[in-house]
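The chain contents come next:
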Amino acid sequence: MSIIEKFKLTGQKAYVTGGARGIGKSIATALAEVGADVAIVDTDVEEAKKTVASIKQATGTHPIAIEADVTSPEDVERMIDEIVGEFGRIDIAFNNAGICINAPAEEMTFTQWKKVIDINLTGVFLTSQAVGKVMLEQGKGTIVNTASMSAHIVNVPQPQVSYNASKAGVIQLSKSLAVEWAKKGVRVNTISPGYIGTELTLNSPDLKPLVKEWESVSPLGRIGKPEELQAIAVYLASDASSFTTGSDFVIDGAFTSI
């Protein structure tokens, strides 16, 4: 098989949580562009339907929209059942849904802490566990979980202790799953993006003022673009990365190198 063929995902079935917008939308689009049918999973199903329409028009694949809350075990099981019912199998899982709440540690409420951990860490476990059962039965599959450079550094000036902790947990969770499932045909990896200029980041009243400060520190002098995560997503989803599991890929423009 040529290297070009290894990167193709023609006929493969995938899902992306948090896929309606931002990083998730960009990655779902990339997977479809190389041939995969993608389920766009989001709590905002109307936005997910818009993303489905744009992907279908651009790629001619068969994307679908599914509403699901990744913090609910019952909802996650239903989500997986719906995807398998529609696609017949799941080859690629991209667990990307996440949030960040900025609050000083001494002021953060338990409710705020729990919300971030529930979505960012427990949600990744629940989705990985549910799709893992499908992939283990298939004897093959690849899972990619979105961590963050915040798993490796403490971001400043914004206080985000729960986010940092949750993303560090995602990496170790993924490494643990990778080892458990290595001989069973299921690969598990993480990507750790740096600051990415999504609509949320660029339009948030809390984050927008920080962009110039981040750019002033960044070795590249700018934050990243969602499409700059597409290549690593396709690599990890494809047979090109057949020997790659238990790895974390930091895509941050050298931000964590300083």
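Residues numbered from 1 in each chain as written. Predicted model: local features only at pLDDT ≥ 70, side-chain atom pairs only at ≥ 80, totals over all residues. Heavy atoms only, no water.

Going by the annotation in an unreviewed UniProt entry, the name recorded for the chain is SDR family oxidoreductase, with Alkalicoccobacillus gibsonii given as the source organism. UniProt, in the comment section headed Sequence similarities (unreviewed entry), describes the chain in these words: "Belongs to the short-chain dehydrogenases/reductases (SDR) family." (UniProt positions renumbered as here; feature names shortened; annotations may be inferred.)

J.: What am I meant to see in the side chain of Asn 96 here?
T.: In this fold, Asn 96 is placed in the loop between β4 (92-95) and α5 (110-138). Here Gly 18 takes part through its backbone oxygen, which lies 3.4 Å from a polar atom of the side chain of Asn 96. At a separation of 3.0 Å, a polar atom in the side chain of Asn 96 contacts the side chain of Thr 146. For Asn 96, the residues in contact, after removing those within four places along its chain, are Val 16, Thr 17, Gly 18, Ile 23, Gly 24 and Thr 146. (Helix = DSSP H or I, 4+ residues; strand = E, 2+ residues; numbered from the N terminus. Polar contact = N/O pair within 3.5 Å; in protein donor to acceptor, adjacent residues only side chain to side chain. Contact = heavy atoms within 4.5 Å.)

J.: Hey, could you run me through unusual backbone geometry in this one?
T.: With the exception of glycine, most residues fall at negative phi, and the peptide bonds are largely trans. Here Val 156 and Pro 157 are connected by a cis peptide whose omega angle stands at 10°. Inspection of the secondary structure assignment puts Pro 157 in the loop between β5 (141-146) and α6 (161-181). One non-glycine residue, Ala 254, adopts positive backbone phi at about 70°. On the secondary structure map, Ala 254 appears in the segment after β7 (248-251).

J.: Looking at this model, I keep getting lost on the packing of aromatic side chains. Mind explaining?
T.: The relation between two aromatic rings is expressed through the spacing of the ring centres and the mutual angle of the planes. Within the structure shown, the criterion is met by 4 aromatic pairs. Aromatic pair Tyr 195 and Trp 214: ring centres 3.7 Å apart, planes at 5°, arrangement stacked. One end of the pair, Tyr 195, is in the loop between β6 (186-193) and α7 (199-203); the other, Trp 214, is in helix α8 (residues 211-217), with 19 residues separating them in the sequence. In this pair, the class of Tyr 195 matches that of Trp 214, namely buried. Counting every residue linked through ring pairs, the aromatic cluster contains Phe 7, Tyr 235 and Phe 249. (Phe/Tyr/Trp six-rings, centres within 6.5 Å; stacked < 30°, edge-to-face > 60°. Buried < 20%, exposed > 50% of the residue type's maximum accessible area, 1.4 Å probe, protein only.)

J.: Quick question: what am I supposed to make of the nonpolar core here?
T.: Soluble globular proteins tend to bury their nonpolar side chains together. One finds Tyr 15, Met 79, Ile 80, Ile 83, Val 131 and Ile 143 to be the most contacted residues of the largest nonpolar core, which totals 29 residues. Excluding residues within four positions of it along the chain, Ile 83 makes contact with Tyr 15, Ala 39, Val 41, Ile 66, Gly 88 and Ile 90. (Core = buried A, V, L, I, M, F, W, Y, C linked by side-chain atoms within 4.5 Å.)

J.: Just checking my understanding: could you explain the pattern of salt bridges for this structure?
T.: Where side chains of opposite charge bring their charged atoms close, a pairing between them can arise. Enumeration according to the criterion identifies 12 salt bridges in this entry. For Asp 37, the salt bridge goes to Lys 13, with nearest N and O atoms at 2.5 Å. Highlighted residues: Asp 37 in strand β2 (residues 37-42) and Lys 13 in strand β1 (residues 13-17), separated in sequence by 24 residues. Its relative accessible area of 14% is what places Lys 13 among the buried residues. Asp 91 is the salt-bridge partner of Arg 89, the closest N and O atoms lying 3.1 Å from each other. Salt bridges here are not isolated pairs; linked through shared partners, they connect Arg 21, Asp 44, Glu 47 and Lys 50. (Salt bridge = Lys/Arg side-chain N within 4 Å of Asp/Glu carboxyl O.)

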